[in-house]
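# Working through the structure, step by step
As a plain string of letters, each chain reads:
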Amino acid sequence: MDYETLWRRLTPLYDIGEAKALIRWVLEVRFGLSMADILCGKVNELSADDQKELNSIIQRLEKGEPVQYIIGVADFCGRQFHVAPGVLIPRPETEELCRWITQGDASSVLSVLDIGTGSGCIAITLAMEMPEAKVTAWDISDEALGIAQENAQVLGAKVRFERQDILNIPPDSCLLTPDSCYDLIVSNPPYIQPKESDGMAKNVLDYEPHQALFTPDDQPIIFYQRIGDFAWQHLKTGGALYFELNPLTAHEVSDYLHQLGFSEIEIRQDQFGKQRFLKATKI
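Attention in this report is confined to the structure presented alongside it. (Residues numbered from 1 in each chain as written. Predicted model: local features only at pLDDT ≥ 70, side-chain atom pairs only at ≥ 80, totals over all residues. Heavy atoms only, no water.)

### Description of the overall build of the chain
- On a plain count of helices and strands, the chain comes out with eleven helices and nine strands.
- In terms of C-alpha radius of gyration, the chain reaches 21 Å, essentially the compact-globule figure of 19 Å for 283 residues.
- Projecting the C-alpha coordinates of the chain onto the three principal axes gives extents of approximately 60 × 40 × 30 Å.
- Counting only residues that meet the buried cut, the chain has 51% of its 283 residues in that class.
- Partitioning the intrachain contacts of the chain with sequence separation of at least 6 by distance along the chain shows that 63% fall at a separation of at least 24.
- Within the structure as shown, the chain displays about 13700 Å² of accessible surface, and the carbon and sulfur contribution to it stands at 48%. (Helix = DSSP H or I, 4+ residues; strand = E, 2+ residues; numbered from the N terminus. Rg over C-alpha atoms; globule rule 2.2 N^0.38 Å. Buried < 20%, exposed > 50% of the residue type's maximum accessible area, 1.4 Å probe, protein only. Contact = heavy atoms within 4.5 Å. Areas by Shrake-Rupley, 256 points an atom, 1.4 Å probe, with all protein chains shown as cover.)

Pasting the structure below:
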């Protein structure tokens, strides 16, 4: 199998540019072939076992399975994170959120909470970019927490992982003590409304965890509301709350935070011009 044959097999599902990029990524990450190797025809020199594995990978890609789940890793902020179907695949947009945080006044941030950590990509990135900060990460999924802990260990990040459900924080929880005040709380919560599923890619709908994607039908900003409530109680004065947003509900989220008392609320666009990120400050 040569390079062109491989990427052409994916064109029924992907455009040519994306098909080529997928094949290059598979050949580089799984088989160690550079672009120069590919152009020199070294794909044809793979061993029989590697050829068999490559064909199996292509067959799975032809069915729409995300390449990150097939290979078991995803790139995020210059690092590779282990991913599996139990966690959301990290997105480039979320990298933008991390850059916004770390390019700000990060030196004054000593305590961070990441709510809904998934693979741990946000928490681990912040822990490694802001080594003075004590980082805690929550998730409701034991599977996600296991993957996140593995990523932290492999990458050498110091993060405390806890199983917590932001929708059901017990009123007598130790989380309500003064010691739990944070300088920064960040979350990329479930924010897709079920009515949006018709316009979503098949590989996302069929393979990624719906628990990490979708909101309840009748409560499209419930996670933002509960996280906002918690942040208002547990952020230090001057502390910041960061969200990744659904553009459809960006202003609704902003209005809710304003009603809670947050100020200096800023919404930023992602690389595609969509209202994707929010920062609010507790004054």
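Read on, since the account is not over.
### Some remarks on the pattern of salt bridges
- Taken as a whole and assessed by the stated rule, the structure comprises 14 salt bridges.
- Of the charged contacts, one joins E129 and R79 as a salt bridge, the two residues approaching to 2.9 Å between their closest N and O atoms. Of the two residues, E129 sits in helix α7 (residues 121-129) while R79 sits in strand β2 (residues 79-82), which places them 50 residues apart along the sequence.
- You can call E129 partly exposed: its relative accessible area is 43%.
- Between R226 and D229 there is a salt bridge whose closest N-O contact spans 2.8 Å. Residue R226 and its partner D229 are located together in helix α10 (residues 222-234), separated by three residues, close to a single helical turn. (Salt bridge = Lys/Arg side-chain N within 4 Å of Asp/Glu carboxyl O.)

### Focus on the side chain of E96
- If you trace the backbone, E96 turns up in helix α6 (residues 92-102).
- Buried charge without a partner: E96 forms no salt bridge, and the closest opposite charge is R99, 5.3 Å away.
- Apart from the residues lying within four places of it in its own chain, the contact partners of E96 are Q269, D270, Q271 and F277. (Lys, Arg positive; Asp, Glu negative; His and termini not counted.)

### Side note on helix α11 (residues 250-260)
- Among the residues of α11, those classed as buried are A250, V253, S254, Y256 and L257. Take α11 and look down its axis: the buried residues cluster within an arc of 160°, on one side only. For α11, the exposed residues set more than 90 degrees away from the buried face come down to H258 and Q259.
- On its buried face, α11 is in contact with α10, β7 (235-244), β8 (263-269) and β9 (275-281). (Arc of directions from axis to C-beta.)

### Re unusual backbone geometry
- Notably, C77 is not glycine yet its phi reads approximately 50°, a positive angle.
- Exposure remark for C77: the relative accessible area of 22% places this residue in the partly exposed category.
- With phi around 50°, E264 is a residue other than glycine that occupies positive phi space.
- In this fold, E264 is placed in strand β8.
- Overall, the relative accessible area of 57% leaves E264 in the exposed class.

Distances and angles like these do not, on their own, reveal function.
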